[in-house]
Amino acid sequence: GHKQAQSGLKAAQEQAKSTERITRLQIEASLIASSRQQWVDALRLELAQFLAEISRMRMVMQNEEPDVVSVREWFTVLARSHAQIELMLDRDEETHVVLSRHLTEHLELVVQGEDIPAAHAMALIITAGKDVFTREAERIQQVAQQGVSGLFHAPRGATAGVAR
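Nothing here was measured: the structure is a model prediction, and the numbers come from that model.

**Some details on the packing of aromatic side chains**
- The tally for this structure, following the rule as stated, stands at zero aromatic pairs.
- The positively charged end of Arg-44 is found above the aromatic ring belonging to Phe-133, 4.5 Å away from the centroid.

**Remarks on the nonpolar core**
- Judged by nonpolar contacts, the single largest core of 22 residues is most densely connected at Leu-43, Leu-47, Phe-50, Leu-78, Ile-85, Leu-99 and Leu-103.
- By residue number, the principal contributor to this core is helix 1 (residues 2–63), which donates seven residues.
- Non-local contacts of Leu-78, meaning those with residues more than four positions away in its chain, are made with Phe-50, Glu-53, Ile-54, Met-57, Leu-107 and Val-110.

**A look at the packing of helix 1 against helix 4 (residues 118–146)**
- Between helix 1 and helix 4, whose axes approach to 9 Å, the crossing angle comes to 175 degrees. By the angle class used here, helix 1 and helix 4 are roughly antiparallel.

**Concerning the environment of Arg-91**
- Following the sequence through the fold, Arg-91 ends up in the loop between helix 2 (68–88) and helix 3 (94–111).
- Setting aside residues no more than four positions away along its own chain, Arg-91 makes contact with Glu-86, Val-97 and Ser-100.
- At a separation of 2.6 Å, a polar atom in the side chain of Arg-91 contacts the side chain of Glu-86.
- Side chain to side chain, Arg-91 and Ser-100 meet in a polar contact 3.1 Å long.

**Regarding the packing of helix 1 against helix 3**
- Helix 3 packs onto helix 1 with a crossing angle of 20 degrees between their chain directions and a minimal axis gap of 12 Å. Classified by the angle between their axes, helix 1 and helix 3 sit roughly parallel to one another. At the point where helix 1 passes helix 3, the crossing takes the left-handed sense. For the pair formed by helix 1 and helix 3, the contact residues are Trp-39, Leu-47, Phe-50, Ile-54, Met-57 and Arg-58 on the first element and His-96, Leu-99, Leu-103, His-106, Leu-107 and Val-110 on the second.
- Looking at side-chain class alone, the contact of helix 1 with helix 3 contains nine nonpolar, two polar and one charged residues.

**Focus: the pattern of salt bridges**
- The final tally for this structure, using the stated rule, is eight salt bridges.
- Notably, a salt bridge pairs Arg-36 with Glu-136, separated by 2.6 Å at the nearest N-O pair. One end of the pair, Arg-36, is in helix 1; the other, Glu-136, is in helix 4, and 100 residues separate them in sequence.
- Assessed through its relative accessible area of 26%, Arg-36 is described here as partly exposed.
- For Glu-136, a relative accessible area of 1% translates into the label buried.
- When the shortest N-O distance is used, the salt bridge between Arg-44 and Asp-41 registers 3.4 Å.

The rules behind each value
- Residues numbered from 1 in each chain as written.
- Predicted model: local features only at pLDDT ≥ 70, side-chain atom pairs only at ≥ 80, totals over all residues.
- Heavy atoms only, no water.
- Phe/Tyr/Trp six-rings, centres within 6.5 Å; stacked < 30°, edge-to-face > 60°.
- Lys NZ or Arg CZ within 6 Å of the ring centre and 35° of its normal.
- Core = buried A, V, L, I, M, F, W, Y, C linked by side-chain atoms within 4.5 Å.
- Buried < 20%, exposed > 50% of the residue type's maximum accessible area, 1.4 Å probe, protein only.
- Helix = DSSP H or I, 4+ residues; strand = E, 2+ residues; numbered from the N terminus.
- Contact = heavy atoms within 4.5 Å.
- Axes fitted to C-alpha atoms, helices over the stretch in contact; angles between N-to-C directions.
- Parallel < 35°, antiparallel > 145°, perpendicular 65-115°, else oblique.
- Polar contact = N/O pair within 3.5 Å; in protein donor to acceptor, adjacent residues only side chain to side chain.
- Left-handed = near helix turned anticlockwise from the far one by under 90°.
- Nonpolar A, V, L, I, M, F, W, Y, C, P; charged D, E, K, R; others polar.
- Salt bridge = Lys/Arg side-chain N within 4 Å of Asp/Glu carboxyl O.

Structural data, given as structure tokens:
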């Protein structure tokens, strides 16, 4: 009886530890998913502001001669917005690299005063942005389905020789 009780107690303790670990992983996964969603929302807002400023700048420049102060202010706003977006992007992610390239190319053309088809340039940026958001939505869903353990894997061979 005594050994059986100890064995039962040990099994209950193991189960409690396992439940605690699973709960902790689920909470961490939820926090990561929430954090990623906040990042996506912030990037979406910053990208929309960047595109709106470029559109506003184009319209004014096509319809009138803006004063130097206004142009400087626009360039400052665009440069800040562009920098903010760049700081949010991951250079190791292909979709982020494509978005960055389109933003930078478009900004350089606007700053140089090039007459480029606005709709085409905007469409490239929007499409690249949607690709980033789609990829991030997949990641958020992956985190929610698999939990944190599904995101972080030991390198191949890192667990070799470890007793299981």
